[in-house]
Amino acid sequence: MTKVYYNGDANETYLANKKVAVIGYGSQGHAHSQNLRDSGVDVVIGLRKGNSWDKAEEDGFQVYSVKEAADQADVIMILLPDEMQTKVYQEEIQPVLRAGQALLFAHGFNIHFNQIVPPADVDVLLVAPKGPGHLVRRTYEQGAGVPALFAIYQNVTGEAQELALAYAQGIGSLRAGGLETTFKEETETDLFGEQAVLCGGLTSLVKAGFETLTEAGYQPEVAYFECLHELKLIIDLMYEGGLENMRYSISDTAQWGDFVSGPRVVTENVKAEMKKVLKDIQDGEFAKGWILENQANRPVFTAINNRENEHQIEVVGRKLRAMMPFVQQQQKAKKEVVTVAKN
Ligand SMILES: NC(=O)C1=CN([C@@H]2O[C@H](COP(=O)(O)OP(=O)(O)OC[C@H]3O[C@@H](n4cnc5c(N)ncnc54)[C@H](OP(=O)(O)O)[C@@H]3O)[C@@H](O)[C@H]2O)C=CC1
Ligand SMILES: CC[C@](O)(C(C)=O)C(=O)O
Ligand SMILES: [Mg+2]
Ligand SMILES: [Mg+2]
(Lines give C-alpha, C1' and ligand atoms only; values in the text may rest on other atoms or scores of the structure.)
(Ligands and ions follow the chains in the order given, each with its own letter.)
Protein backbone atom coordinates (compact mmCIF):
# COMPACT_ATOMS: atom_id res chain seq x y z
CA MET A 1 0.00 0.00 0.00
CA THR A 2 1.22 3.48 -0.88
CA LYS A 3 2.54 5.46 2.08
CA VAL A 4 0.22 8.27 3.09
CA TYR A 5 1.94 11.13 4.95
CA TYR A 6 0.25 12.92 7.82
CA ASN A 7 1.18 15.86 10.06
CA GLY A 8 3.53 13.80 12.23
CA ASP A 9 5.63 12.98 9.14
CA ALA A 10 6.59 16.62 8.46
CA ASN A 11 9.29 18.67 10.12
CA GLU A 12 7.18 21.48 11.57
CA THR A 13 10.12 23.83 11.91
CA TYR A 14 11.49 23.40 8.39
CA LEU A 15 9.86 26.59 7.07
CA ALA A 16 10.44 28.55 10.28
CA ASN A 17 13.39 30.60 9.00
CA LYS A 18 12.41 30.64 5.37
CA LYS A 19 10.45 33.13 3.31
CA VAL A 20 7.83 31.82 0.89
CA ALA A 21 6.81 33.90 -2.14
CA VAL A 22 3.38 32.89 -3.38
CA ILE A 23 3.10 34.09 -6.98
CA GLY A 24 -0.58 34.70 -7.76
CA TYR A 25 -3.48 35.32 -5.42
CA GLY A 26 -6.34 33.52 -7.14
CA SER A 27 -8.09 30.30 -6.21
CA GLN A 28 -5.01 28.44 -4.96
CA GLY A 29 -2.87 31.51 -4.24
CA HIS A 30 -5.12 33.09 -1.63
CA ALA A 31 -5.62 29.73 0.08
CA HIS A 32 -1.93 28.74 0.24
CA SER A 33 -0.90 32.21 1.43
CA GLN A 34 -3.50 32.46 4.16
CA ASN A 35 -3.10 28.87 5.35
CA LEU A 36 0.70 29.15 5.44
CA ARG A 37 0.49 32.43 7.33
CA ASP A 38 -1.92 30.91 9.84
CA SER A 39 0.57 28.05 10.20
CA GLY A 40 3.27 30.56 11.19
CA VAL A 41 5.12 30.83 7.86
CA ASP A 42 6.57 34.11 6.56
CA VAL A 43 4.72 34.72 3.26
CA VAL A 44 4.98 37.48 0.65
CA ILE A 45 2.89 37.73 -2.49
CA GLY A 46 4.11 38.32 -6.05
CA LEU A 47 1.65 39.89 -8.50
CA ARG A 48 0.99 42.47 -11.16
CA LYS A 49 -1.06 45.56 -10.21
CA GLY A 50 -4.78 44.78 -10.32
CA ASN A 51 -7.64 43.13 -8.45
CA SER A 52 -5.61 40.40 -6.83
CA TRP A 53 -2.96 42.88 -5.69
CA ASP A 54 -5.62 44.97 -3.94
CA LYS A 55 -7.23 41.90 -2.40
CA ALA A 56 -3.94 40.52 -1.09
CA GLU A 57 -3.11 43.89 0.48
CA GLU A 58 -6.60 44.08 2.04
CA ASP A 59 -5.90 40.62 3.49
CA GLY A 60 -2.80 42.04 5.16
CA PHE A 61 -0.02 40.70 2.94
CA GLN A 62 3.11 42.46 1.71
CA VAL A 63 2.67 42.48 -2.06
CA TYR A 64 5.50 42.92 -4.56
CA SER A 65 6.06 42.56 -8.25
CA VAL A 66 6.69 38.93 -9.20
CA LYS A 67 10.38 39.68 -9.66
CA GLU A 68 10.77 41.37 -6.26
CA ALA A 69 8.86 38.63 -4.47
CA ALA A 70 10.84 35.84 -6.16
CA ASP A 71 14.13 37.62 -5.50
CA GLN A 72 13.65 37.86 -1.74
CA ALA A 73 12.26 34.35 -1.16
CA ASP A 74 13.77 30.99 -0.35
CA VAL A 75 10.72 29.18 -1.70
CA ILE A 76 8.80 30.35 -4.76
CA MET A 77 5.35 28.79 -5.28
CA ILE A 78 3.96 29.56 -8.75
CA LEU A 79 0.18 29.84 -8.53
CA LEU A 80 -0.51 31.67 -11.76
CA PRO A 81 -2.88 30.19 -14.35
CA ASP A 82 -1.00 27.40 -16.13
CA GLU A 83 -1.23 29.22 -19.45
CA MET A 84 0.43 32.38 -18.00
CA GLN A 85 3.26 30.68 -16.16
CA THR A 86 5.80 30.32 -18.95
CA LYS A 87 5.83 33.99 -19.89
CA VAL A 88 5.91 35.25 -16.30
CA TYR A 89 8.56 32.70 -15.37
CA GLN A 90 10.80 33.69 -18.30
CA GLU A 91 10.40 37.43 -17.81
CA GLU A 92 10.26 37.80 -14.04
CA ILE A 93 11.37 34.71 -12.18
CA GLN A 94 14.17 33.15 -14.19
CA PRO A 95 16.28 36.37 -14.18
CA VAL A 96 16.42 36.42 -10.36
CA LEU A 97 16.56 32.68 -9.62
CA ARG A 98 19.53 31.76 -7.45
CA ALA A 99 21.18 28.45 -6.70
CA GLY A 100 19.56 26.76 -3.73
CA GLN A 101 16.16 28.39 -4.09
CA ALA A 102 13.14 26.14 -4.47
CA LEU A 103 10.60 26.43 -7.25
CA LEU A 104 7.21 24.94 -6.44
CA PHE A 105 4.09 24.24 -8.51
CA ALA A 106 0.57 23.09 -7.66
CA HIS A 107 0.23 21.33 -11.02
CA GLY A 108 2.93 19.80 -13.18
CA PHE A 109 1.70 20.99 -16.59
CA ASN A 110 4.49 23.38 -17.52
CA ILE A 111 7.36 21.26 -16.27
CA HIS A 112 5.98 18.01 -17.64
CA PHE A 113 5.23 19.47 -21.07
CA ASN A 114 8.59 21.31 -21.19
CA GLN A 115 7.15 24.82 -21.23
CA ILE A 116 9.30 25.79 -18.25
CA VAL A 117 12.85 24.44 -18.12
CA PRO A 118 14.36 25.42 -14.77
CA PRO A 119 18.11 25.73 -14.18
CA ALA A 120 19.83 22.68 -12.71
CA ASP A 121 20.80 24.38 -9.44
CA VAL A 122 17.34 24.92 -7.91
CA ASP A 123 15.01 22.44 -6.26
CA VAL A 124 11.85 21.85 -8.26
CA LEU A 125 8.82 20.21 -6.71
CA LEU A 126 5.08 20.24 -6.63
CA VAL A 127 2.53 20.26 -3.87
CA ALA A 128 -0.83 19.80 -5.55
CA PRO A 129 -3.97 19.95 -3.44
CA LYS A 130 -6.64 17.62 -4.74
CA GLY A 131 -9.39 20.19 -4.51
CA PRO A 132 -10.42 23.74 -5.45
CA GLY A 133 -8.50 26.52 -3.76
CA HIS A 134 -11.53 27.98 -2.04
CA LEU A 135 -12.04 24.63 -0.33
CA VAL A 136 -8.34 24.46 0.57
CA ARG A 137 -8.92 27.62 2.58
CA ARG A 138 -12.39 26.78 3.91
CA THR A 139 -11.46 23.30 5.13
CA TYR A 140 -8.28 24.65 6.77
CA GLU A 141 -10.36 27.17 8.72
CA GLN A 142 -12.64 24.33 9.78
CA GLY A 143 -9.66 22.44 11.21
CA ALA A 144 -9.65 19.99 8.32
CA GLY A 145 -7.83 19.94 4.99
CA VAL A 146 -7.71 18.91 1.36
CA PRO A 147 -5.36 16.01 0.52
CA ALA A 148 -2.37 16.79 -1.65
CA LEU A 149 0.07 15.07 -3.96
CA PHE A 150 3.73 15.98 -3.82
CA ALA A 151 6.53 15.24 -6.27
CA ILE A 152 10.20 16.00 -6.54
CA TYR A 153 11.63 16.90 -9.97
CA GLN A 154 15.02 18.27 -8.89
CA ASN A 155 16.56 17.84 -5.45
CA VAL A 156 19.73 19.91 -5.43
CA THR A 157 19.71 20.69 -1.73
CA GLY A 158 18.75 17.19 -0.68
CA GLU A 159 15.91 18.80 1.29
CA ALA A 160 13.17 18.78 -1.34
CA GLN A 161 11.07 16.12 0.33
CA GLU A 162 11.34 17.86 3.72
CA LEU A 163 10.20 21.07 2.05
CA ALA A 164 7.33 19.38 0.23
CA LEU A 165 6.03 17.84 3.44
CA ALA A 166 6.46 21.05 5.47
CA TYR A 167 4.66 23.04 2.77
CA ALA A 168 1.85 20.46 2.52
CA GLN A 169 1.51 20.59 6.28
CA GLY A 170 1.45 24.40 6.24
CA ILE A 171 -1.49 24.51 3.86
CA GLY A 172 -3.36 21.92 5.95
CA SER A 173 -3.13 19.07 3.48
CA LEU A 174 -1.38 16.62 5.79
CA ARG A 175 -4.43 16.67 8.04
CA ALA A 176 -6.11 14.77 5.19
CA GLY A 177 -3.10 12.97 3.72
CA GLY A 178 -0.18 13.51 1.37
CA LEU A 179 0.85 11.08 -1.36
CA GLU A 180 4.14 11.03 -3.21
CA THR A 181 3.86 11.00 -6.99
CA THR A 182 5.78 12.18 -10.06
CA PHE A 183 5.19 15.27 -12.20
CA LYS A 184 4.06 12.94 -14.98
CA GLU A 185 1.53 11.10 -12.84
CA GLU A 186 0.15 14.25 -11.22
CA THR A 187 -0.16 16.07 -14.54
CA GLU A 188 -1.81 13.24 -16.45
CA THR A 189 -4.18 12.13 -13.71
CA ASP A 190 -5.19 15.68 -12.81
CA LEU A 191 -5.95 16.56 -16.44
CA PHE A 192 -7.82 13.28 -16.91
CA GLY A 193 -9.84 13.70 -13.71
CA GLU A 194 -10.95 17.23 -14.50
CA GLN A 195 -11.78 16.43 -18.13
CA ALA A 196 -13.46 13.04 -17.87
CA VAL A 197 -15.01 13.00 -14.42
CA LEU A 198 -14.89 16.01 -12.11
CA CYS A 199 -15.60 18.85 -14.54
CA GLY A 200 -16.13 17.76 -18.15
CA GLY A 201 -17.81 14.43 -17.42
CA LEU A 202 -19.97 15.88 -14.68
CA THR A 203 -21.17 19.02 -16.47
CA SER A 204 -22.01 16.97 -19.56
CA LEU A 205 -23.91 14.42 -17.47
CA VAL A 206 -25.85 17.14 -15.62
CA LYS A 207 -26.76 18.99 -18.82
CA ALA A 208 -27.76 15.79 -20.61
CA GLY A 209 -30.07 14.86 -17.72
CA PHE A 210 -31.54 18.37 -17.55
CA GLU A 211 -32.10 18.50 -21.32
CA THR A 212 -33.68 15.03 -21.38
CA LEU A 213 -36.24 16.09 -18.78
CA THR A 214 -37.02 19.55 -20.21
CA GLU A 215 -37.21 18.26 -23.80
CA ALA A 216 -39.78 15.73 -22.52
CA GLY A 217 -41.88 18.65 -21.22
CA TYR A 218 -40.99 18.64 -17.54
CA GLN A 219 -40.54 21.98 -15.75
CA PRO A 220 -36.98 23.39 -15.92
CA GLU A 221 -37.12 24.17 -12.20
CA VAL A 222 -37.89 20.53 -11.39
CA ALA A 223 -35.14 19.40 -13.75
CA TYR A 224 -32.67 21.83 -12.10
CA PHE A 225 -33.36 20.59 -8.59
CA GLU A 226 -33.22 16.98 -9.75
CA CYS A 227 -30.07 17.06 -11.86
CA LEU A 228 -27.92 19.84 -10.35
CA HIS A 229 -28.96 21.05 -6.90
CA GLU A 230 -29.38 17.59 -5.41
CA LEU A 231 -26.05 16.49 -6.81
CA LYS A 232 -24.21 18.24 -3.98
CA LEU A 233 -26.29 16.44 -1.39
CA ILE A 234 -25.59 13.09 -3.01
CA ILE A 235 -21.87 13.87 -3.44
CA ASP A 236 -21.60 14.90 0.22
CA LEU A 237 -22.66 11.39 1.20
CA MET A 238 -20.11 9.87 -1.17
CA TYR A 239 -17.39 12.20 0.20
CA GLU A 240 -18.26 11.18 3.75
CA GLY A 241 -18.58 7.43 3.25
CA GLY A 242 -18.09 6.35 -0.34
CA LEU A 243 -20.66 4.85 -2.69
CA GLU A 244 -21.93 2.54 0.06
CA ASN A 245 -22.80 5.43 2.36
CA MET A 246 -24.66 7.24 -0.40
CA ARG A 247 -26.55 4.06 -1.27
CA TYR A 248 -27.38 3.53 2.41
CA SER A 249 -29.18 6.87 2.51
CA ILE A 250 -31.10 6.70 -0.75
CA SER A 251 -34.20 4.56 -1.20
CA ASP A 252 -33.90 0.96 -2.34
CA THR A 253 -35.81 2.01 -5.44
CA ALA A 254 -33.10 4.55 -6.22
CA GLN A 255 -30.39 2.02 -5.49
CA TRP A 256 -31.98 -0.53 -7.86
CA GLY A 257 -32.22 2.21 -10.52
CA ASP A 258 -28.57 3.05 -9.85
CA PHE A 259 -27.58 -0.58 -10.48
CA VAL A 260 -29.66 -1.23 -13.60
CA SER A 261 -29.71 2.17 -15.34
CA GLY A 262 -26.33 3.71 -14.43
CA PRO A 263 -24.40 1.31 -16.70
CA ARG A 264 -26.91 2.02 -19.52
CA VAL A 265 -25.90 5.69 -19.38
CA VAL A 266 -22.17 5.37 -18.72
CA THR A 267 -21.56 2.56 -21.20
CA GLU A 268 -18.45 0.77 -22.40
CA ASN A 269 -18.45 3.35 -25.22
CA VAL A 270 -18.09 6.11 -22.65
CA LYS A 271 -15.16 4.28 -21.09
CA ALA A 272 -13.61 3.78 -24.52
CA GLU A 273 -13.90 7.54 -25.09
CA MET A 274 -12.32 8.17 -21.67
CA LYS A 275 -9.35 6.08 -22.80
CA LYS A 276 -9.01 8.30 -25.87
CA VAL A 277 -9.13 11.40 -23.69
CA LEU A 278 -6.37 9.91 -21.54
CA LYS A 279 -4.29 9.08 -24.61
CA ASP A 280 -4.57 12.67 -25.89
CA ILE A 281 -3.31 13.84 -22.50
CA GLN A 282 -0.44 11.33 -22.43
CA ASP A 283 0.59 12.13 -26.02
CA GLY A 284 0.67 15.88 -25.35
CA GLU A 285 -2.15 16.49 -27.89
CA PHE A 286 -4.36 18.14 -25.28
CA ALA A 287 -1.48 20.30 -24.02
CA LYS A 288 -0.60 21.39 -27.55
CA GLY A 289 -4.21 22.37 -28.26
CA TRP A 290 -4.47 24.38 -25.04
CA ILE A 291 -1.17 26.17 -25.62
CA LEU A 292 -2.15 27.06 -29.21
CA GLU A 293 -5.65 28.15 -28.13
CA ASN A 294 -4.03 30.65 -25.76
CA GLN A 295 -1.60 31.86 -28.41
CA ALA A 296 -4.63 32.55 -30.63
CA ASN A 297 -6.34 34.66 -27.90
CA ARG A 298 -8.75 31.86 -26.88
CA PRO A 299 -11.42 32.11 -29.59
CA VAL A 300 -12.90 28.66 -28.95
CA PHE A 301 -12.67 28.92 -25.17
CA THR A 302 -14.47 32.28 -25.21
CA ALA A 303 -17.23 31.16 -27.56
CA ILE A 304 -17.98 27.98 -25.62
CA ASN A 305 -17.80 29.79 -22.27
CA ASN A 306 -20.33 32.40 -23.41
CA ARG A 307 -22.67 29.74 -24.78
CA GLU A 308 -22.43 27.62 -21.64
CA ASN A 309 -23.24 30.55 -19.35
CA GLU A 310 -26.51 31.04 -21.21
CA HIS A 311 -27.61 27.40 -21.10
CA GLN A 312 -31.13 27.08 -19.70
CA ILE A 313 -29.85 25.23 -16.64
CA GLU A 314 -27.75 28.28 -15.77
CA VAL A 315 -30.56 30.75 -16.36
CA VAL A 316 -33.07 28.85 -14.22
CA GLY A 317 -30.41 28.05 -11.64
CA ARG A 318 -29.57 31.72 -11.08
CA LYS A 319 -33.23 32.45 -10.34
CA LEU A 320 -33.66 29.51 -7.99
CA ARG A 321 -30.43 30.14 -6.07
CA ALA A 322 -31.48 33.76 -5.52
CA MET A 323 -34.41 32.35 -3.53
CA MET A 324 -32.13 30.21 -1.35
CA PRO A 325 -30.03 32.61 0.73
CA PHE A 326 -28.37 29.67 2.49
CA VAL A 327 -26.86 28.62 -0.80
CA GLN A 328 -24.21 31.28 -0.88
CA GLN A 329 -22.00 31.88 -3.82
CA GLN A 330 -18.75 31.23 -1.98
CA GLN A 331 -16.60 32.49 -4.78
CA LYS A 332 -17.87 35.31 -6.90
CA ALA A 333 -17.23 35.26 -10.63
CA LYS A 334 -13.63 34.26 -10.15
CA LYS A 335 -12.46 34.46 -13.67
CA GLU A 336 -13.31 36.81 -16.45
CA VAL A 337 -12.74 35.34 -19.84
CA VAL A 338 -9.29 36.51 -20.76
CA THR A 339 -8.93 37.28 -24.43
CA VAL A 340 -5.34 38.45 -24.60
CA ALA A 341 -2.45 36.30 -25.75
CA LYS A 342 -0.96 34.43 -22.85
CA ASN A 343 2.39 33.08 -23.97
N1 LIG B 1 -7.99 26.30 -9.17
C2 LIG B 1 -7.70 25.25 -8.38
O3 LIG B 1 -8.39 24.97 -7.42
C4 LIG B 1 -6.50 24.42 -8.63
C5 LIG B 1 -5.44 24.92 -9.34
N6 LIG B 1 -4.26 24.23 -9.39
C7 LIG B 1 -3.13 24.83 -10.06
O8 LIG B 1 -2.77 26.02 -9.35
C9 LIG B 1 -2.24 26.99 -10.25
C10 LIG B 1 -3.03 28.29 -10.12
O11 LIG B 1 -4.33 28.09 -10.60
P12 LIG B 1 -5.57 28.96 -10.06
O13 LIG B 1 -5.44 29.16 -8.58
O14 LIG B 1 -6.78 28.31 -10.62
O15 LIG B 1 -5.32 30.37 -10.77
P16 LIG B 1 -6.30 31.63 -10.76
O17 LIG B 1 -6.70 31.87 -12.17
O18 LIG B 1 -7.38 31.46 -9.76
O19 LIG B 1 -5.36 32.81 -10.21
C20 LIG B 1 -4.52 33.50 -11.00
C21 LIG B 1 -3.73 34.53 -10.20
O22 LIG B 1 -2.60 34.84 -11.00
C23 LIG B 1 -2.54 36.24 -11.16
N24 LIG B 1 -1.95 36.56 -12.44
C25 LIG B 1 -2.41 36.22 -13.66
N26 LIG B 1 -1.57 36.68 -14.60
C27 LIG B 1 -0.55 37.29 -13.96
C28 LIG B 1 0.63 37.96 -14.39
N29 LIG B 1 0.92 38.09 -15.69
N30 LIG B 1 1.45 38.47 -13.45
C31 LIG B 1 1.16 38.35 -12.15
N32 LIG B 1 0.05 37.74 -11.68
C33 LIG B 1 -0.79 37.22 -12.58
C34 LIG B 1 -3.98 36.71 -11.06
O35 LIG B 1 -4.00 38.10 -10.71
P36 LIG B 1 -4.93 39.18 -11.44
O37 LIG B 1 -6.05 39.46 -10.50
O38 LIG B 1 -4.02 40.36 -11.60
O39 LIG B 1 -5.38 38.60 -12.75
C40 LIG B 1 -4.49 35.81 -9.95
O41 LIG B 1 -4.13 36.32 -8.70
C42 LIG B 1 -2.32 26.34 -11.63
O43 LIG B 1 -1.10 25.71 -11.85
C44 LIG B 1 -3.42 25.30 -11.48
O45 LIG B 1 -3.36 24.23 -12.38
C46 LIG B 1 -4.07 23.05 -8.75
C47 LIG B 1 -5.09 22.50 -8.03
C48 LIG B 1 -6.42 23.07 -8.02
C1 LIG C 1 -10.77 19.60 -10.84
C2 LIG C 1 -10.10 20.82 -11.38
C3 LIG C 1 -8.72 21.09 -10.83
O4 LIG C 1 -7.83 20.06 -11.24
C5 LIG C 1 -8.81 21.06 -9.32
C6 LIG C 1 -9.67 22.02 -8.61
O7 LIG C 1 -8.25 20.17 -8.71
C8 LIG C 1 -8.23 22.43 -11.38
O9 LIG C 1 -7.29 22.40 -12.21
O10 LIG C 1 -8.79 23.47 -11.01
MG1 LIG D 1 -7.00 18.95 -9.72
MG1 LIG E 1 -6.27 20.70 -12.58
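Residues numbered from 1 in each chain as written. Chains lettered and ligands numbered in written order. Predicted model: local features only at pLDDT ≥ 70, side-chain atom pairs only at ≥ 80, totals over all residues.

**Structural notes on the packing of helix α9 (residues 200–215) against helix α10 (residues 220–249)**
1) Next: Where α9 contacts α10, the axes come no closer than 9 Å and their chain directions differ by 160 degrees. Our classification of the angle between α9 and α10 gives roughly antiparallel. Here α9 and α10 pass one another in a crossing that is right-handed. Contacts between α9 and α10 involve Val-206, Gly-209, Phe-210, Leu-213 and Thr-214 on the former and, on the latter, Pro-220, Ala-223, Tyr-224, Glu-226, Cys-227, Leu-228 and Leu-231.
2) Next: For the contact of α9 with α10, the residue count by class is nine nonpolar, two polar and one charged. (Axes fitted to C-alpha atoms, helices over the stretch in contact; angles between N-to-C directions. Helix = DSSP H or I, 4+ residues; strand = E, 2+ residues; numbered from the N terminus. Parallel < 35°, antiparallel > 145°, perpendicular 65-115°, else oblique. Left-handed = near helix turned anticlockwise from the far one by under 90°. Contact = placed C-beta atoms within 7 Å. Nonpolar A, V, L, I, M, F, W, Y, C, P; charged D, E, K, R; others polar.)

**Examining the domain arrangement of the chain**
1) Next: Split into domains, the chain comes out as domain 1 (4–182) and domain 2 (199–266 + 297–322).
2) Next: Taking only C-alpha atoms, the centre of domain 1 and the centre of domain 2 are 34 Å apart. (Domains from an automatic or database assignment.)

**What to know about the UniProt feature "binding site: Mg(2+) 1" (unreviewed entry) in the chain**
1) Next: On the UniProt side, "binding site: Mg(2+) 1" (unreviewed entry) is annotated at positions that read Asp-190 and Glu-194 here.
2) Next: Within the secondary structure, Asp-190 sits in helix α8 (residues 183–198).
3) Next: Taking the number of C-beta atoms within 10 Å as the measure of exposure, Asp-190 has 20 and is therefore buried.
4) Next: Not counting chain neighbours up to four residues away, the residues in contact with Asp-190 comprise His-107 and Ala-128.
5) Next: You can see Glu-194 is positioned in helix α8.
6) Next: With 13 C-beta atoms counted inside 10 Å, the residue Glu-194 sits in the partly exposed group.
7) Next: Discounting chain neighbours no more than four positions away, the residues touching Glu-194 are Cys-199 and Gly-200. (UniProt positions renumbered as here; feature names shortened; annotations may be inferred. Buried ≥ 20, exposed ≤ 12 C-beta atoms within 10 Å, placed from the backbone.)

**Regarding the site of ligand 1**
1) Next: Residues in contact with ligand 1 amount to 26 residues; listed here are only the nearest, Gly-24, Gly-26, Gly-50, Ser-52 and His-107.
2) Next: Contributing elements (two or more residues each) for the shell around ligand 1: α1 (27–38), α2 (51–58), α4 (82–93) and β7 (123–129).
3) Next: The residue makeup of the shell around ligand 1, split by class, is 12 nonpolar, 10 polar and four charged. (Near = placed C-beta within 6 Å.)

**Comments concerning the site of ligand 2**
1) Next: Close contacts around ligand 2 come from Gly-131, Pro-132, Asp-190, Glu-194, Leu-198 and Cys-199, and that covers them all.
2) Next: Of the residues contributing to the shell around ligand 2, the split by class is three nonpolar, one polar and two charged.

**Some words on the sheet that holds strand β1 (residues 4–5)**
1) Next: Spatial ordering of the open sheet is given by β1-β9-β8-β7-β6-β5-β2-β3-β4, a layout of nine strands whose pairing is mixed. Across the chains shown, the open sheet's two edge strands, defined by having one partner strand only, are β1 and β4 (63–64).
2) Next: Two strands pair when backbone bridges link them, and strand β2 (residues 19–23) and strand β3 (residues 42–46) are joined in this way by five bridges, in the parallel orientation. Paired with Val-22 across the strands is Ile-45, a residue of β3. (Pairing = 2+ DSSP bridges.)

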